[in-house]
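# Structural characterization, general
One letter stands for each residue in the lines below.
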Amino acid sequence: MHIEQASEPQLREQLADLLDRYDQLAAGKLALDLTRGKPGAAQVALSDALDGILEGDYRAADGTDVRNYGGLDGLAEARILFGNVLGTLPEETLVGGNSSLTLMYQVIDFALTEGLRGPESAWARREPVKFLCPVPGYDRHFSICEYLGIEMLPVRMLETGPDMDQVEGLVAADPAIKGIWCVPRFSNPSGCVYSDNTVERMARLPKLASPEFVVMWDNAYAIHSLYDDAPELASIGKWARQFDTMDGIFQFGSTSKVTFAGAGVAFMGSSERNLSTFKAHLAFQTIGPDKVNQLRHVRFLRDAETLAAHMAKHAAHIRPRFDCVLDILDRELEGTGMASWTQPRGGYFISVDALPGLASEIISLADKIGVKLTPAGATFPYGKDPEDRNIRLSPTFPSLEDLQTSIDAFALCVKIASIRQRLGR
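Report follows, based on the coordinates. All chains use their own residue numbering, which begins from 1 and follows the written sequence. Totals for whole chains, interfaces and linings use all residues, but because this is a predicted model, local features are given only for residues with pLDDT of at least 70 and pairs of side-chain atoms are given and counted only at 80 or more. Only hydrogens and water are set aside; all other atoms, that is, all heavy atoms of the structure, feed into the side-chain values.

### Looking at the environment of Arg-299
Numbering goes from the N terminus for both helices and strands, where a helix is a DSSP run of H or I of at least four residues and a strand is a run of E of at least two. By the element assignment, Arg-299 lies in helix H10 (residues 291–301). With a relative accessible area of 26%, Arg-299 lands in the partly exposed category. Whether two residues are in contact is decided by their heavy atoms: any pair within 4.5 Å suffices. The contacts of Arg-299, once residues within four sequence positions are left out, are Ile-53, Leu-54, Asp-57 and Arg-59. Only protein chains enter the accessibility calculation, which uses a 1.4 Å probe. A residue is then buried if its area is under 20% of the maximum for its type, exposed if over 50%, and partly exposed in between.

Below, the structure written as structure tokens:
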């Protein structure tokens, strides 16, 4: 029954039953964690062949001994392999260490303090510095801005991606806005895929904005489809070349959820001009990335076909977990008016919107019975969801049994909080 249609006696009877079930779960002393989108042990085991794959052959295709210093760009064969993921040419691609977040931080810090076009272009020369943040979005993007003192402006996320009318209006009106964060395929946490029109308009955005504006295109889930009907993402590089805006686009990706989460390979794509100035900046920090690990990944993943086959194994492992979450939400909450949720076709998250004002209470209720969820507000700048309603679910890490218990408990907490709110009106 829809919560708005139930009578007060019906709601009180239902609440009493729910609280009995809640107490039973509390007595079970659960210890379940859905806080982060980590791959499970069985997923990382899919890449165990990385260990020892070089078999003593440390020579790259051009004869480079990867055990030695050098190579700020990364291995040529790695730039080809991962450039294909981003849709960038090898000369537009840089392959680094294990973390794309590190590359993102370095780009923002470089643009802020030194400037992509020299000292006069440094964002910090002018106050304030602002960034557009589609919400709900990725908390670690927001953390970079907050740590570096960059003011964050939330923009609405639609089913097609960021509200481009709002985005274009903001950047055209305010030269202090220096960039926008994007997770374009299977966005964190909603799972939406940017429409072709959104990608085209995003590629054109640097022409509307200040000269130092950058699109931070974090394509973290570019190859993380779960279902055969998962929508494809248009190439922002294709449009950027047509509009001559490659200098304003930085693309990022990694194998963190492809091979070993803590020992993968990160990569970045942008214009040759950007990469040249960025490498000059990097040269003061490092003599080169871990080329041994890059070569391991090239030998293991080899080409687009091998990579696709490997990702199909990941999908086979993750898909039942997403199905489990969605089945429980449908069974327990569909038609109740207590929550709505996304049904992503790939990625690592499901986004749930509770009734306004209830996310914090739901997460607290879950925590008290041993089910840890991502903190309320985490998907918004400064950790503040103005409506206190968005909750990010991360289905990948727990076992299927633990996941089912967790989502059953979550749905129970949604019902308790919703009915209490309704009775308190």
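Picking up after the structure, the text goes on.
### Side note on unusual backbone geometry
Cis geometry is adopted by the peptide bond preceding Pro-128, which originates at Glu-127 and carries an omega value of -10°. Its place among the elements puts Pro-128 in the loop between helix H4 (100–113) and strand E3 (130–135). Asn-188 connects to Pro-189 through a cis peptide bond whose omega is 10°. With a phi angle near 50°, Lys-29 is a residue other than glycine that sits in the positive phi range. With a relative accessible area of 72%, Lys-29 lands in the exposed category.

### Side note on H10
Within H10, nine of the 11 residues are buried, which leaves it mostly tucked inside the rest of the structure. Every buried residue of H10 is listed here: Lys-291, Asn-293, Gln-294, Leu-295, Arg-296, His-297, Val-298, Phe-300 and Leu-301. Summarising the contacts, the buried residues of H10 are in contact with helix H3 (76–86), strand E2 (93–95) and helix H11 (304–333). Two or three places before Val-292, at the opening of H10, Asp-290 has a side-chain oxygen 3.2 Å from that residue's backbone nitrogen. Downstream of H10 by a residue or two, Arg-302 has a phi angle that is positive, lying close to 60°. For the purposes of these results, a polar contact is taken to be a pair of N or O atoms within 3.5 Å, where, inside protein, one atom must be able to donate a hydrogen and its partner to accept one; residues adjacent in sequence count only when each atom of the pair is a side-chain atom.

### Examining the nonpolar core
Note on terminology: a nonpolar core comprises buried Ala, Val, Leu, Ile, Met, Phe, Trp, Tyr and Cys residues joined through side-chain atoms within 4.5 Å. In terms of nonpolar packing, the biggest core is built from 84 residues, with Met-202 and Leu-393 touching the most fellow members. Per-element accounting of this core gives the leading share, 12 residues, to helix H13 (residues 400–423). Beyond its immediate chain neighbours, meaning those up to four positions away, Leu-393 contacts Val-325, Leu-329, Tyr-348, Phe-349, Ile-350, Val-352, Leu-373, Ile-407 and Phe-410. Phe-250, Ala-266, Met-268 and Leu-275 belong to the second largest nonpolar core, which has 31 residues in total.

### Details of the side chain of Asn-293
By secondary structure assignment, the location of Asn-293 is in helix H10. Of note is the side chain of Asn-293, whose polar atom sits 2.7 Å from the side chain of Arg-296.

### Some remarks on a negative patch on the surface
Residues Glu-13, Asp-17, Asp-20 and Asp-23 make up a contiguous surface patch of negative charge. With respect to the helices and strands, Asp-17 occurs in helix H1 (residues 8–27). Here the term patch refers to residues with relative accessible area over 30% and no salt bridge, with like charges joined within 9 Å and nonpolar side chains (Val, Leu, Ile, Met, Phe, Trp, Tyr) within 5 Å. To measure how exposed things are, a 1.4 Å probe is used in the Shrake-Rupley method; for residues, cover is taken only from the protein chains shown. Here, a salt bridge means any side-chain nitrogen of Lys or Arg that lies within 4 Å of a carboxyl oxygen of Asp or Glu. In this charge count, Lys and Arg are treated as positive and Asp and Glu as negative; neither His nor the chain ends contribute. Taken as the charge location is NZ of Lys, CZ of Arg, CG of Asp or CD of Glu.

### Concerning H1
A helix is expected to span 1.5 Å for every residue after the first. For H1, which comprises 20 residues, the first-to-last C-alpha distance of 29 Å matches the rise-based estimate of 28 Å (1.5 Å per residue) to within 8%. As for H1, its buried residues are in contact with helix H12 (359–368) and H13.

### Overview of the sheet that holds strand E11 (residues 350–354)
Spatial ordering of the open sheet is given by E10-E11-E13, a layout of three strands whose pairing is antiparallel. The strands lining the two open edges of the sheet, one partner per strand, are strand E10 (339–341) and strand E13 (390–393). Adjacent strand axes in the sheet meet at a mean angle of 25° when their direction is disregarded. Inspection of the sheet shows E10 paired to E11 by three bridges, in the antiparallel sense. Looking at E11, one finds that Trp-341 is bridged to Val-352. Each pair of strands is called paired provided DSSP finds at least two bridges between the two strands. Each axis is a line fitted through C-alpha atoms, taken for helices only over the stretch in contact, and angles between the N-to-C directions span 0 to 180 degrees.

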